[in-house]
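Each chain, letter by letter, is given below.
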Amino acid sequence: MKAFMPRIEIILSQIQHNTRMLCELYGQQGISLMGVSKAVLGEPLIASAMIRGGVKFMADSRLENIQRMKNAKIAAQFVLLRTTPSQAESTVEDVDISLNTEIETLEKLNYYASVQNKIHQVILMVEMGDLREGILPDDLFLFVQKVLSLPHLKIMGLGCNLACYGGIKPDNQKMWQLSELSEAIEQKFQIDLSIISGGNSANHQWYKSAKNVGRINNLRVGESILLGCETLTRQAIPQLHTSAFKLIAEVIESKIKPSLPFGEVCQDAFGNMPVFRDRGMHPRAIIALGKQDTLISGLSLDQDLEILGSSSDHLVLESKNPDLKVGMGVNFNLDYGSLLTAMTSPFVQKQFIH
Ligand SMILES: *Cc1c(COP(=O)(O)O)cnc(C)c1O
């Protein structure tokens, strides 16, 4: 395939390496990983790299991404991170395990599982304080009892998700609480919970400091695998690659111009009143990349360049090095938000480096 711009270059061997290192690290205390593919839309080549790196489960929040991986014959257990009642029928058809918090949805899953003559596996998500998805701990026993009365569902375990919405840290106390809840449920209902999924890439610091991980035996990890960092402070994890993804876009104008707009000031294209700092005349470049391609605020540059602003299709840079020539490519590093949006944009070519 001819490489054009903008494009994301994706180094598959680095994703495989990151997965391998994380599987080994977490495996030391009996924790398995689900590779989370939502930021890359379930891209089959990336899912394959994760599987070569050692994950047995592929997890995604979108059913469409799971279907994409299945169509590409990816061999894994598929886990749906966000379950919607309107997709219950296809969920039972295409997904091995779904994460759930609502009895209405579980009843639908049970119904379609009976129609399809299957047992559908579920993980019940517990609210631990981050206030995104989760059953409140006080409601959990009654909830489990109701799910146990649905004969085509099997409760595989419990899970929780932290540091996503409320920015609440997964710490020892939260993980112990989940462990204790798991044991209490097992005793009360005389069932075995085989998966206790304690969180996501934000659980790294907890894991590093935990002497005993209790019943936690699984994490669902996306960003650490893809970008090589933990997500409480976005520090790089030792020995992982942090630039498996690189965005490359093209210079389409490069001139010395004033740094202050001239004329009467009004709203910009996005309804904001822009403010500018006077830097005198300076070298500026326009890159053919905009808000329609990626989240600009999550981009960073290695070179001596500064992002001044952007519109839907144009990114304006100050180039301290005036040698940026029209037609040149400029490299950007991406954070998770930029990666997610760039992978979703139809205008950004995805180029795999094998
Ligand atoms: C997105 C998501 C994850 C993965 O999060 P990362 O920060 O990418 O590791 C895990 N669990 C759930 C429920 C998610 O929605």
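Residues numbered from 1 in each chain as written. Predicted model: local features only at pLDDT ≥ 70, side-chain atom pairs only at ≥ 80, totals over all residues. Heavy atoms only, no water.

Caption draft 1: Structural detail: the UniProt feature "domain: Alanine racemase N-terminal" (unreviewed entry) in the protein chain. Mapped onto this numbering, the UniProt entry annotates "domain: Alanine racemase N-terminal" (unreviewed entry) at residues 12–225. Segment residues 12–225 splits into 42% helix and 17% strand. End C-alpha atoms: 11 Å apart. (UniProt positions renumbered as here; feature names shortened; annotations may be inferred. Helix = DSSP H or I, 4+ residues; strand = E, 2+ residues; numbered from the N terminus.)

Caption draft 2: Structural detail: the domain arrangement of the protein chain. Each domain of the protein chain was delimited in the assignment, giving domain 1 (12–227) and domain 2 (245–353). Relative to domain 2, the C-alpha centre of domain 1 lies at a distance of 37 Å. The interface is formed by 12 residues belonging to domain 1 together with 10 residues belonging to domain 2. Between domain 1 and domain 2 lies a buried interface of about 1000 Å² when both sides are counted; carbon and sulfur atoms form 77% of it. Among the residues of domain 1 in contact with domain 2, Ala39, Leu41 and Leu227 are the three that bury the most area, contributing 42% of the side total. Inspection of the domain 1/domain 2 interface yields zero salt bridges. At the junction of domain 1 and domain 2, the tally comes to one residue pair in polar contact (both at pLDDT 80 or more). (Domains from an automatic or database assignment. Contact = heavy atoms within 4.5 Å. Buried area = accessible area lost by both parts, 1.4 Å probe. Salt bridge = Lys/Arg side-chain N within 4 Å of Asp/Glu carboxyl O. Polar contact = N/O pair within 3.5 Å; in protein donor to acceptor, adjacent residues only side chain to side chain.)

Caption draft 3: Representation of the side chain of Thr91 in the model. Within the secondary structure layout, Thr91 lies in helix 4 (residues 88–94). When its relative accessible area of 0% is taken as the criterion, Thr91 is described as buried. Only 2.7 Å separates the side chain of Thr91 from the backbone oxygen of Gln87, close enough to count as a polar contact. What Thr91 contacts, discounting residues up to four positions off in sequence, is Leu63, Leu80, Thr83, Ser98, Leu109 and His120. (Buried < 20%, exposed > 50% of the residue type's maximum accessible area, 1.4 Å probe, protein only.)

Caption draft 4: The nonpolar core, seen in detail. Ranked by internal contacts, the top residues of the largest apolar core, which has 91 residues, are Ile46, Leu106, Leu124, Phe245 and Phe332. No other element matches helix 1 (residues 12–27), which puts six residues into this core. Counting only domains with at least three residues in this core, you end up with domain 1 (12–227) and domain 2 (245–353). The residues contacting Ile46, other than those within four sequence positions of it, are Ile10, Leu12, Ile15, Val40, Leu226, Phe245, Met343 and Phe352. Counting residues in hydrophobic clusters, the runner-up holds 12 residues, among them Val36, Leu99, Met156 and Ile195. (Core = buried A, V, L, I, M, F, W, Y, C linked by side-chain atoms within 4.5 Å.)

Caption draft 5: Layout of the site of the ligand. Neighbouring the ligand are 13 residues; Lys38, Ser201, Arg220, Gly222 and Glu223 lie closest to it. Arg132 is positioned such that a nitrogen or oxygen atom in its side chain is 3.0 Å from an oxygen atom of the ligand. In this structure, an oxygen atom belonging to the ligand sits 2.5 Å away from a side-chain N or O atom of Ser201. Contact with the protein chains covers 94% of the free accessible surface of the ligand, which is 390 Å². When atom positions are compared with the pocket grids, the ligand is found to occupy the second largest pocket. Here the shell around the ligand is built from residues that sort into four nonpolar, four polar and five charged. (Near = heavy atom within 4 Å. Areas by Shrake-Rupley, 256 points an atom, 1.4 Å probe, with all protein chains shown as cover. 1 Å grid on protein atoms, 1.4 Å probe; cavity = no way out; pocket = protein on both sides within 12 Å on 5 of 7 lines; lining within 4 Å. Sits in = over half its atoms within 2 Å of the grid points. Nonpolar A, V, L, I, M, F, W, Y, C, P; charged D, E, K, R; others polar.)

Caption draft 6: Up close: helix 3 (residues 63–71). Along helix 3, the positions that sit buried rather than exposed are Leu63, Asn65, Ile66 and Met69. Buried positions in helix 3, seen along its axis, are confined to an arc of 160° and lie on one side of it. On its buried face, helix 3 sits against helix 2 (44–52), strand 3 (57–60), strand 4 (77–80) and helix 4. Where helix 3 terminates, the next one or two residues include Lys73, which has phi positive at roughly 65°. (Arc of directions from axis to C-beta.)

Caption draft 7: Local environment of the packing of helix 6 (residues 140–148) against helix 7 (residues 172–189). Following both chains from N to C, one finds helix 6 and helix 7 inclined at 50°, their axes separated by 11 Å at the closest point. When the axes of helix 6 and helix 7 are compared, the pair comes out oblique. In this structure, helix 6 meets helix 7 at a crossing whose hand is right-handed. Mapping the contact onto sequence places Leu140, Phe141, Val144, Gln145 and Leu148 in helix 6 and Leu181, Ala184, Ile185, Lys188 and Phe189 in helix 7. In terms of residue class, the contact of helix 6 with helix 7 is built from eight nonpolar, one polar and one charged. (Axes fitted to C-alpha atoms, helices over the stretch in contact; angles between N-to-C directions. Parallel < 35°, antiparallel > 145°, perpendicular 65-115°, else oblique. Left-handed = near helix turned anticlockwise from the far one by under 90°.)

Caption draft 8: Quick look at unusual backbone geometry. For the peptide bond that leads from Met5 to Pro6, omega is 0°, which places it in the cis range. Within the secondary structure, Pro6 is located in the segment before strand 1 (7–11). For Ala163, which is not a glycine, the phi torsion comes out positive at approximately 60°. You can see Ala163 is positioned in the loop between strand 7 (153–159) and helix 7. A positive phi angle, near 55°, is found at Gln190, a position not held by glycine. Since its relative accessible area comes to 67%, Gln190 is described here as exposed.

Caption draft 9: Seen up close, the pairing of strand 2 (residues 32–36). In terms of burial, strand 2 is largely enclosed, as four of its five residues are buried. Here strand 2 runs beside strand 9 (residues 218–221); their pairing, made up of four bridges, is parallel. Across the sheet, residue Gly35 finds its bridge partner in strand 9, namely Val221. As paired elements, strand 2 and strand 3 share three bridges and run parallel to each other. Residue pairing in the sheet places Met34 in a bridge with Phe57 of strand 3. Assessed by its sense of winding, the connection that carries the chain from strand 2 through helix 2 to strand 3 is right-handed. (Pairing = 2+ DSSP bridges. Right-handed = clockwise from strand over helix to strand, strands pointing away.)

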